[in-house]
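Read off the chains here:
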Amino acid sequence: MNSSLIQLLVLAGIAVFLIIKLRAVLGTREGFEKPPVPLDTPVRPRRDFEVIEGGPDRDITDNVPEGSPAAQALAAMKGAEPSFSVVTFLSGARGAYEMILMAFDKGDLDSIRPFIGADVEHSFGEAIEARREQGLTIESKFVGMRELALQDATFDATTREAEVSVRFVGEITSVVKNAEGEIVEGKPTEIKRQRDVWTFARKMGANDPNWQLVATGD
């Protein structure tokens, strides 16, 4: 056996050994294999999560218990008016609370008339008139909101009338003065907590986006 043949057999043996070692490390490929992706084809990034359709609406469940009558009412409001947002509503309610509360203390119904219902306007008007007859005025300042939470919601699918009750705990300073300008109640620097539950109403899908205050309580 010449040296060339011996050399060839040695190289063949080395090749077989390398193949066995590679299979032990990498395994074997069997069955269908996808063709390689061409270099000019963009590779889509892998998504680490899947969006589950039909899951809970966090805009609702972050504010009322899932499946509660209030949650069902809010979902029906969204069905009647898809642009409706609970978070946006509560933000508007916070602004309305400060505006209406301060206007009432000042005895200024004209500036808030578009935002209050007839019954509320009547009761506010009576209270303001009673103060005027006694020569009393209120000087108040809204300091901040301590608490704001959605308490209840109802929706009438027939009339599309929606009502949402919100619990407020505001912080204000307030003094009552007599006709001579003397303070008869309160201290200018004393911060008081004002607790209210207000109910706002609106017909969903209406052109007027404003909600009206239709009931007050505590």
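See the structure printed just above.
These numbers were taken from a predicted model, which means no experiment stands behind them.

What counts, and where the lines are drawn
Residues numbered from 1 in each chain as written. Predicted model: local features only at pLDDT ≥ 70, side-chain atom pairs only at ≥ 80, totals over all residues. Heavy atoms only, no water. Salt bridge = Lys/Arg side-chain N within 4 Å of Asp/Glu carboxyl O. Buried < 20%, exposed > 50% of the residue type's maximum accessible area, 1.4 Å probe, protein only. Helix = DSSP H or I, 4+ residues; strand = E, 2+ residues; numbered from the N terminus. Core = buried A, V, L, I, M, F, W, Y, C linked by side-chain atoms within 4.5 Å. Contact = heavy atoms within 4.5 Å. Axes fitted to C-alpha atoms, helices over the stretch in contact; angles between N-to-C directions. Nonpolar A, V, L, I, M, F, W, Y, C, P; charged D, E, K, R; others polar.

**Observations concerning the pattern of salt bridges**
Charged atoms that come close allow side chains of opposite charge to pair. Taken as a whole, this structure holds 11 salt bridges when the rule is applied. Where arginine 58 meets aspartate 62, a salt bridge forms, and the shortest distance between an N and an O atom there is 3.0 Å. For the pair formed by arginine 58 and aspartate 62, the shared burial category is exposed.

**Observations concerning unusual backbone geometry**
Of note in the backbone geometry, arginine 160 takes a positive phi value of approximately 65° without being a glycine. Structurally, arginine 160 can be placed in the loop between strand S1 (137-156) and strand S2 (161-177).

**A short note on the nonpolar core**
Core analysis: the biggest nonpolar cluster contains 39 residues, and Leu74, Met77, Phe89, Phe200 and Trp211 have the highest contact counts within it. Elements represented by at least two residues in this core include exactly helix H3 (69-80), helix H4 (86-106), helix H5 (118-133), S1, S2 and strand S4 (191-203). By residue number, the principal contributor to this core is H4, which donates 11 residues. If we ignore the near neighbours within four places in the chain, the residues touching phenylalanine 89 are Phe84, Val164, Val166, Phe200 and Trp211.

**Things to note about the packing of H4 against H5**
To describe two helices that pack against each other, one gives the angle between their axes and the distance between the axes. At a minimum axis distance of 9 Å, the contact between H4 and H5 shows a crossing angle of 35°. Where H4 approaches H5, its residues Ile100, Phe104, Asp105 and Lys106 are matched on the opposing element by Phe124, Ala127, Ile128 and Arg131. Tallied by class, residues from the contact of H4 with H5 come to five nonpolar, no polar and three charged.

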